[in-house]
Amino acid sequence: MQMKKDIQQSIDQLLFNSPTIDKVGVEERVARFQTRSIKGDSKLQALKMALNMIDLTTLEGKDSPGKVQQMCYKAMHLHDELPNLPTVAAVCVYPSMVKIAKSALLNSKVNVASVSTAFPSGQAPLAVKLADTTFAVNEGADEIDMVISRGKFLAGEYSFVFDEIAAIKDACGNARLKVILETGELLTLDNVRKASDLAILAGADFIKTSTGKIQPAATMQVTYTMLMAIKDYYEATGKMIGMKPAGGISTSKLALHYLVMVKEVLGNAWLSNEWFRFGASSLANDVLMQLMKAETGVYQSPDYFSID
Amino acid sequence: MSRLEIVKTYKIYIGGQFPRTESGRYYSPVNKEGKVLGNICLSSRKDVRNAVVAARKAVGSWSERSAFNRGQILYRIAEMLEGRKAQFVEELQFQGSSKQAAESEVNLAIDRIVYYAGWCDKYQVIVSSVNPVASSHFNFSVAEPMGVVGIIAPENSSLIGLVSLVLPVICGGNTVVVLASEKLPLCAVTFAEVLHSSDVPGGVINILTGSTDEMAPTLSTHMDVNALVYGGSDPLKLKEIQENAVLNVKRVFAYSTDWKKADAQGLHYISDVQEIKTIWHPIENVGGATSNY
Amino acid sequence: MATNKNIPEVEWEYAPSLEGTSHIQLKKKYDLFIGGKWVKPSSGKYFQSINPANEEVLAEVAYGSEKDVDIAVKAARKAYNEVWSIMPAAERAKYIYRIARLMQERARELAVIETLDGGKTIREARDIDVPLACNHFFYYAGWADKLEYAFPNRKVESLGVAGQIIPWNFPLLMAAWKIAPALAAGNTVVLKPAETTSLTALKLAEIIEAAGLPAGVVNIVTGYGDTGAAIVNHSDVNKIAFTGSTNVGKIIQKALAGTSKKLTLELGGKSANIIFDDAPIDQAVEGIVNGIFFNQGHVCCAGSRLFVQENVAEKVIAKLKERLKTLYVGNPLDKNTDIGAINSKEQLATITKYLEIGKQEGAEMYQPACTIPAKGFYCPPTLFTNVAQSNRIAQEEIFGPVLTIQTFRTIDEVIQKANNSPYGLAAGVWTEKGARIFNMANQLNAGVIWANTYNKFDPTSPFGGYKESGFGREGGVHGLAAYVKFV
């Protein structure tokens, strides 16, 4: 505990060392990833990889057990017409749906991720957030997607945010912790970088862009900035941190751009669902249509792909 | 018995000092009546070198002064010249001008200095630009002095030619090494005295007298001179200077005009000896966040 | 714990993605474009233009002689006297707009030929060279009937016949930089492309033909240095515009001494790229990469001298080395290639010579592991550390993908070192401190200052050097001055 205290005292100092970000430069770099041309087998491999990295997500007030069960079925049977398809990485649901998802996914490799900490706003006391997390873990969640207190972060109360993440991490037990920065509310890439460094230092297993409830959600610029934070941390410590862009990635083409970016920034080692995820609900079908097109040579219609 | 007159010794002007030429040589040009104008320094290659060193040393502080301050200093030259008008008129007459011509030349020189004093803080706004590039960058171009400029003053003019060539160059923040008219050197040295008693920092204007043929090759080949202004009228000399300039890609400007004309002045005499520097910087576009709940 | 990686690493590599060449029409043999016609060279001689990526012959190109240059200048003079100088400026503008549009329509073809002929990557040819070239015509077209606004209180006239000699690093773009302002100001043109990269200029001639530009307004005379010399020395040329090496620039400046020909020179450089400790470090690393490895470093304003503040030097160099590993060197036609072919065997030999010099001078060389095609001319991206200001590799223009790295402690030191060069083309400054940017921009003796960016170009933005990097500006309103006389 004393060690953590020391870390806390030096948080301001650590964040002071976060590099500044030039947004126009980031846009140029990102544009370069988008010029990469992915063709043939390289594309097929990437599309299957992308499917396997998806956190199939439903996070709505009107979610029902039935809907969650259907989504879990889809998670395991993406498109049975196509042979040798992977499953998605996980399904992502509210804590109240964890148990339902867990039993629906029994005997599969698909994980259950639960949002927590008063998702999506995070506007609740720490005790509530801890209870929320502990509940999800006890229900069987393999992964916890928490939100940071953006208001505190923007107010410069970095230690508060740090402590909160560290406390949630403790509450996660064996579940892996994804820390959602909600970059759409952080406004600047400098803040995104600071928040990334903060989350990583506080114990995040993954850092994640967005709740999906705020626009803009994941962008390549924001994701690039977070990937660079992961890279710098890896270079300094040898420890890998995962990355999850969420929201707004709905086409195969965009997903391929993200994979190119991960490969060129972090390397092939990050190209598995152990270290990279897409938080998306409609991406899977677009990827499936692309794979089906490759298989049949015919352009596809969404009507032939289930929308669970 | 009449009083014996004191004859003025004309010295050269380097780095705000009035040394004699390091060579110890002098020459004695004569006027139309065959009367000796004076003992004038026959400057050497080393004097040219010393003058360039002094000019280089002065570039930084002169170019970094505020434009407004340069304007004030130039205006001060005009004030000082006005105060010593009679001496210039006398010298011009001694060198062969009529009294009327001499008076109007000095008046014009004063007015021309005032004209360029006024340009100091205005030329930039006319020659600079903001360039609307297609990418997300702020891009602008500004004029900057070239640095050390060598000036070969017109042979047939003692004052107005010198003033017309020197003023626009220093107005733009350059420093100069001037080779005065070989035949008509008196006003050049007296002008140096005016400069010395005004607020022009030492080294900004350096004036050498002597043989243009001897000094011009040294000046035009000097690797630390950025540009040359040729006010002479000899095409062969100009060609030689242009060839010498190649050594370090000096910019060479040749003007032949009647400097006594009221309109023999203008912005381009300033802007010719300016470099255009273009600066880029990204423009960040932040924001666009909206809430969906 | 070294790593908590516990699963096998996937192998995911980009499959080759070659730009198609089937739609490219190249003639076997190209004649000279003079007076609106394709004419055979008087000597009957042709030379080969090869693809530096695989050493295959692309086409034969006419070797223009002094006699051909004379014919071309006469054609240009005739077009100037009889058509172009008396045409209403607004009409002149419309011709130039038309060229811009036709170039846009044939953009892909131009890009592919640029890549085949010069070795630059298709990505750069497609995304940078060709669009910029089109935009340059589009920009200057609009100036044609607005010249009186460009030079306040002065009356301007066109010069007459402009002789233009361009280099091999941006063949089409340099042709556009030269031709567009010349035409807009009312001049006619005799242009000589570099001998290794004539093809896009000849394609531009086809476009000019298709645009219906009056015969003789633009003449393209291909050939070697002697062809260029014939243009420089022709008595009826009013203006010479040259882009190339400082050595040749000096020969031209000397040749023009004592003549009334107007001259602009865009010459070599050894530009400093300066990284302060408070810079946006990751973007600075990208800026370093873009500064020196853009177009294989065949860029006069390449940021070839890197200065890094010593307290971040280790970090920056480590990041730079990491970044170099992700650059793809290889077939320029592959859309994923980052560094294409060196333009010619001779240039590769020059670069290789400097690599040897660097090692002999005691500098430490770093090249990432990368596979290089067996045929063609290639050089991996190269860094030199432990470099002294006095080393030849830090003083002389290498014109290849070779970066020298020096460190500095204080701002005064880096300004001195950056300016300590006969050149003065460009400089880069990376810092978050606005006041320091303005100070640096002021102190650095260079015609272009890129602050927190590098190697950006735009038709509206004047480009050109201080000192031995040449004189005159290309681009923007200042670029017009090179093609008018004041009356």
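It should be noted that the structure appears before, not after, this text.
Residues numbered from 1 in each chain as written. Chains lettered and ligands numbered in written order. Predicted model: local features only at pLDDT ≥ 70, side-chain atom pairs only at ≥ 80, totals over all residues. Heavy atoms only, no water.

K.L.:
In this structure, what is going on with the sheet that holds strand β4 (residues 46-51) of chain C? I would like to understand it.
P.N.:
Two modes of strand pairing occur in sheets, parallel and antiparallel, and in both the strands are linked by backbone hydrogen bonds. Residue and element names in this part refer to chain C. Pairing is mixed in the open sheet, where three strands are placed in the order β1-β5-β4. The outermost strands of the open sheet, each flanked by one partner alone, are β1 (29-30) and β4. Sheet analysis places β1 next to strand β5 (residues 56-62), joined by two bridges and oriented parallel. Bridge pairing in β5 links Tyr30 to Val61. Its contacts with the sheet place helix α3 (residues 107-118) against β4 and β5, and it is angled at close to 100° to β4. (Pairing = 2+ DSSP bridges. Helix = DSSP H or I, 4+ residues; strand = E, 2+ residues; numbered from the N terminus. Contact = heavy atoms within 4.5 Å. Axes fitted to C-alpha atoms, helices over the stretch in contact; angles between N-to-C directions.)

K.L.:
Explain the environment of C:Glu9 to me, please; I cannot follow it from the model alone.
P.N.:
Relative to the helices and strands, C:Glu9 is located in the segment before β1. Look at C:Glu9 and you get partly exposed, because its relative accessible area is 41%. For the pair C:Glu9 and C:Ile405, spaced 396 residues apart in the sequence, the C-alpha separation amounts to 34 Å. When near neighbours in sequence (up to four residues on either side) are disregarded, C:Glu9 contacts A:Asn268 and A:Ala269. (Buried < 20%, exposed > 50% of the residue type's maximum accessible area, 1.4 Å probe, protein only.)

K.L.:
What exactly am I supposed to notice about the interface of chain A and chain C here?
P.N.:
Buried accessible area, meaning the area lost when the parts come together, often serves as the stated size of an interface. At the interface, 38 residues of chain A touch 38 residues of chain C. With both sides pooled, the region where chain A packs onto chain C buries about 3,300 Å², and carbon together with sulfur makes up 47% of that total. Across the chain A-chain C interface, the total number found is eight salt bridges. Between C:Lys319 and A:Asp232 there is a salt bridge, and its shortest N-O distance comes to 2.6 Å. Where chain A touches chain C, the interface holds 18 residue pairs in polar contact (both at pLDDT 80 or more). Among the secondary structure elements, those contributing two or more residues to the side of chain A that touches chain C are α3 (23-34), α4 (40-52), α12 (220-237) and α13 (252-265) of chain A. Taken together, the residues that form the side of chain A that touches chain C break down as 14 nonpolar, 10 polar and 14 charged. (Buried area = accessible area lost by both parts, 1.4 Å probe. Salt bridge = Lys/Arg side-chain N within 4 Å of Asp/Glu carboxyl O. Polar contact = N/O pair within 3.5 Å; in protein donor to acceptor, adjacent residues only side chain to side chain. Nonpolar A, V, L, I, M, F, W, Y, C, P; charged D, E, K, R; others polar.)

K.L.:
So what exactly am I meant to see when it comes to empty space enclosed by the protein here?
P.N.:
It is the rolling of a water-molecule-sized probe over the atoms that shows where space remains empty. Residue and element names in this part refer to chain C. Inspection of every chain in the model, using the stated rule, returns eight cavities of 30 Å³ or more. Taken together, 15 residues make up the lining of the largest cavity; nearest its centre are Arg305, Ala418, Tyr423, Ala426 and Asn445. Listed by contribution, the elements that provide at least two residues to the lining of the largest cavity are α14 (411-419), β17 (423-424) and β18 (426-430). If you go around the second largest cavity, you meet 13 residues; those closest to its centre are Val299, Ala302, Ser304, Glu397 and Phe399. Grouping the constituent residues of the lining of the second largest cavity by class yields seven nonpolar, four polar and two charged. (1 Å grid on protein atoms, 1.4 Å probe; cavity = no way out; pocket = protein on both sides within 12 Å on 5 of 7 lines; lining within 4 Å. Points joined across faces, edges and corners; volume = space filled by probe spheres on them.)

K.L.:
Where do I start with the side chain of C:Glu109 in this structure?
P.N.:
All names here are of chain C. Mapped onto the elements, Glu109 comes out in helix α3. Residue Glu109 is classed as buried on the basis of its relative accessible area of 12%. Among the polar contacts made by the side chain of Glu109, one reaches the side chain of Lys203 at a distance of 3.1 Å. Discounting residues that sit within four places of it in the chain, Glu109 has contacts with His23, Ile24, Gln25 and Lys203.

K.L.:
What am I meant to see in the pattern of salt bridges here?
P.N.:
A side chain with one charge may pair with a side chain of the opposite charge, provided their charged atoms come close. All names here are of chain C. Counted under the stated rule, the structure contains 68 salt bridges over all chains. Here Lys203 and Glu109 are joined by a salt bridge, their closest N and O atoms 3.1 Å apart. Of the two residues, Lys203 is situated in helix α7 (residues 199-210) and Glu109 in helix α3; the sequence distance between them amounts to 94 residues. By relative accessible area, which is 2% here, Lys203 ends up buried.

K.L.:
Explain the packing of aromatic side chains to me, please; I cannot follow it from the model alone.
P.N.:
To describe a pair of aromatic rings, you give the distance between the ring centres and the angle between the ring planes. All names here are of chain B. Under the defined criterion, the tally for this structure stands at 30 aromatic pairs over all chains. Ring plane angle 85° and centroid distance 6.4 Å describe the contact between Tyr115 and Trp119, whose orientation is recorded as edge-to-face. Within this pair, Tyr115 and its partner Trp119 are both found in helix α4 (residues 99-119), separated by four residues, close to a single helical turn. Given the relative accessible area of 15%, Trp119 is considered buried. Judged by centre distance (4.8 Å) and plane angle (80°), the ring pair of Tyr255 and Tyr269 falls under edge-to-face. Remark: Tyr269 occurs in helix α10 (residues 267-271) and Tyr255 occurs in the loop between β9 (251-254) and α10; sequence separation between them is 14 residues. The exposure class assigned to Tyr269 is buried, which follows from its relative accessible area of 9%. (Phe/Tyr/Trp six-rings, centres within 6.5 Å; stacked < 30°, edge-to-face > 60°.)

K.L.:
Any chance you could explain α4(A) here in plain terms?
P.N.:
An α-helix turns once every 3.6 residues. As a result, residues three or four positions apart point the same way. All names here are of chain A. Under the 1.5 Å per step criterion, the end-to-end length of α4 is 19 Å for 13 residues, consistent within 8% with the ideal 18 Å. Here α4 has its buried residues at Ser42, Ala46, Leu47, Met49, Ala50 and Leu51. The inward-facing, buried residues of α4 contact β1 (54-57), α13, β9 (278-280) and α14 (283-296). (Expected span 1.5 Å × (residues − 1).)

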